[in-house]
Amino acid sequence: MIITCAVTGSTLTPSMSPYLPVTAEQMITQSVDAAKAGASILHFHARDPNDGRPTNDPAVWQTFIPQVRAQCDAVINMSCSMGATAEDRASAAMVMRPEIATVIVGSMNYGRFKKAQDQGVTEFQHQWERDFYGPDSHHIVTQNTFFKIDRLIDIFLEQGFLMEFECYDVGHLYILEHHLKKKKLPRPIIVQFLTGILGGIPSDIDHLLHMKRTTERLFGEDTEIFTHGTGPDNMRAAAYGALMGTSIRIGQEDNVTERPGRLYKSNAEQVLKIRTILESLDIGIATPQEARQRLGLPQP
């Protein structure tokens, strides 16, 4: 199976872990080490190196993506979730030209205040973090309108990017079916189960099996499914995904705590942990070359 490592995200913050990569040097080192540990896809967000806040500024992306490409052969996967319009969300990807670009399917109450609760963090280094998890976070709806999703798919089709569709709940699979009925996408279709947020489906095995069966019923066998959970259950969700026969995602974007009182010290540590679990079950790990072949991507 394919292991994706989500190196850093947009909803966990520097106050939660000193090991969360923020600067270009940290991003490069942790990404390359994760690839050496067995991750064949690296999924990225970008952060302002001064205070760690999420950004989609192409100038920030430029500080680490080229170096990661130069130092490892992992597939580059860029999050395209920031921006009021589809064009805003695609702007950095248009500059960086990733092999895979993400499309979030469906609107939801993200409940990001729960991220701070799950990590047990009440004191923050930066004002933006206090605002990010404060009372206003109870009012925020992540808006992925039908128009925005449709337009983003068209942009990425025009650019020839492979797309990864992030589905937070079973209803999002039907939204995706609605869009793909009108589009001619190259196969396989990549569907990522993003589970465990307050506004989406939990990471329990019965829910994951329901998501998998629904995906296979809607899109057929020519689909690459990835399972990942957010929060402290991310490793358990990955193990469930492995047992279901899907590929998986782990990483510091989704969770920084191995167990109460112990932080993961790197992305590579997470990759090595799930790799140990998979290999103990005699489940093979795809190389970057094998991942590209399965996904229909050209070899570098």
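Everything here concerns the structure above.
Residues numbered from 1 in each chain as written. Predicted model: local features only at pLDDT ≥ 70, side-chain atom pairs only at ≥ 80, totals over all residues. Heavy atoms only, no water.

A. Summary view of the packing of aromatic side chains. Inspection of every chain in the model, using the stated rule, returns 7 aromatic pairs. Plain terms: the ring middles of Tyr-110 and Tyr-168 are 6.1 Å apart, the flat faces sit at 70° to each other, and that makes the pair edge-to-face. Taken together, the residues span a long stretch of sequence, with Tyr-110 in the loop between β7 (108-109) and α5 (113-119) and Tyr-168 in the loop between β9 (162-167) and α8 (170-180) at a distance of 58 residues. An angle of 45° between the planes, with centres 5.7 Å apart, marks the rings of Phe-156 and Phe-161 as tilted. (Phe/Tyr/Trp six-rings, centres within 6.5 Å; stacked < 30°, edge-to-face > 60°. Helix = DSSP H or I, 4+ residues; strand = E, 2+ residues; numbered from the N terminus.)

B. Looking closely at the pairing of strand β6 (residues 100-105). The element β6 is largely enclosed, with a buried count of 6 among its 6 residues. Neither face of β6 is left uncovered, since the one carrying Ile-100, Thr-102 and Ile-104 and the one carrying Ala-101, Val-103 and Val-105 both have all their residues buried. Between the parallel pair strand β5 (residues 75-78) and β6, the chain is carried across by helix α4 (residues 86-96), and the sense of this crossover is right-handed. Relative to β9, β6 runs parallel, the two sharing 6 bridges. When the bridges of β9 are listed, Thr-102 appears paired with Glu-164. (Buried < 20%, exposed > 50% of the residue type's maximum accessible area, 1.4 Å probe, protein only. Right-handed = clockwise from strand over helix to strand, strands pointing away. Pairing = 2+ DSSP bridges.)

C. The arrangement of the packing of helix α1 (residues 24-37) against helix α11 (residues 267-280) in detail. Packing of α1 against α11 leaves a shortest axis separation of 8 Å and a crossing angle of 15°. Viewed along their axes, α1 and α11 adopt a mutual orientation that is roughly parallel. As α1 packs across α11, the resulting crossing turns out to be right-handed. Residues Gln-30, Asp-33, Ala-34 and Ala-37 of α1 form the contact with α11, whose participating residues are Asn-267, Ala-268, Val-271, Leu-272 and Arg-275. For the contact of α1 with α11, the per-class residue count stands at 5 nonpolar, 2 polar and 2 charged. (Axes fitted to C-alpha atoms, helices over the stretch in contact; angles between N-to-C directions. Parallel < 35°, antiparallel > 145°, perpendicular 65-115°, else oblique. Left-handed = near helix turned anticlockwise from the far one by under 90°. Contact = heavy atoms within 4.5 Å. Nonpolar A, V, L, I, M, F, W, Y, C, P; charged D, E, K, R; others polar.)

D. Representation of the pattern of salt bridges. In this structure the tally under the stated criterion is 17 salt bridges. Arg-292 serves as the salt-bridge partner of Glu-99, at 2.8 Å between the closest nitrogen and oxygen. In this pair, Glu-99 sits in the loop between α4 and β6 while Arg-292 sits in helix α12 (residues 288-295), placing the two residues 193 residues apart along the sequence. According to the relative accessible area criterion, Arg-292 is buried, its value standing at 3%. Residue Asp-154 pairs with Lys-183 through a salt bridge whose shortest N-O separation is 2.6 Å. (Salt bridge = Lys/Arg side-chain N within 4 Å of Asp/Glu carboxyl O.)

E. Focus on the pairing of strand β1 (residues 3-6). Residues Ile-3 and Cys-5 line one face of β1 and the alternating positions Thr-4 and Ala-6 line the opposite face, and both faces are buried. Looking at chain direction, β1 and strand β12 (residues 247-250) are connected through 3 bridges and run parallel. In the sheet register, Cys-5 faces β12, and the bridge partner there is Ile-250. Pairing of β1 with strand β2 (residues 41-44) involves 3 bridges; the strand directions are parallel. By the bridge assignment for β2, Ala-6 is matched with His-43.

F. Examining α4 more closely. Taken together, the buried positions of α4 are Ala-86, Arg-89, Ala-90, Ala-92, Ala-93 and Met-96. Taken end-on, α4 shows its buried residues confined to a sector of 150°, consistent with a single buried face. On its buried side, α4 packs onto α2 (58-61), α3 (65-71), β5 and α7 (146-159). Arg-97 lies just past α4 and shows a positive phi near 55°. (Arc of directions from axis to C-beta.)

G. Looking closely at the side chain of Gln-252. Within the element layout of this structure, Gln-252 appears in the loop between β12 and β13 (257-259). Residue Gln-252 is classed as buried on the basis of its relative accessible area, which comes to 0%. When near neighbours in sequence (up to four residues on either side) are disregarded, Gln-252 contacts Ala-6, Val-7, Leu-12, Tyr-19, Leu-20, Pro-21, Gln-30, Tyr-264, Ser-266, Asn-267 and Gln-270.

H. Structural detail: the sheet that holds β12. Ordered by their spatial adjacency, 8 strands build a closed barrel running β1-β2-β5-β6-β9-β10-β11-β12, and the pairing between neighbours is parallel. Pairs of neighbouring strands in the sheet enclose a mean axial angle of 25°, with direction left out of account. Seen against the sheet, helix α10 (residues 234-244) touches β11 (223-229) and β12 and runs at an angle of roughly 170° to β12.

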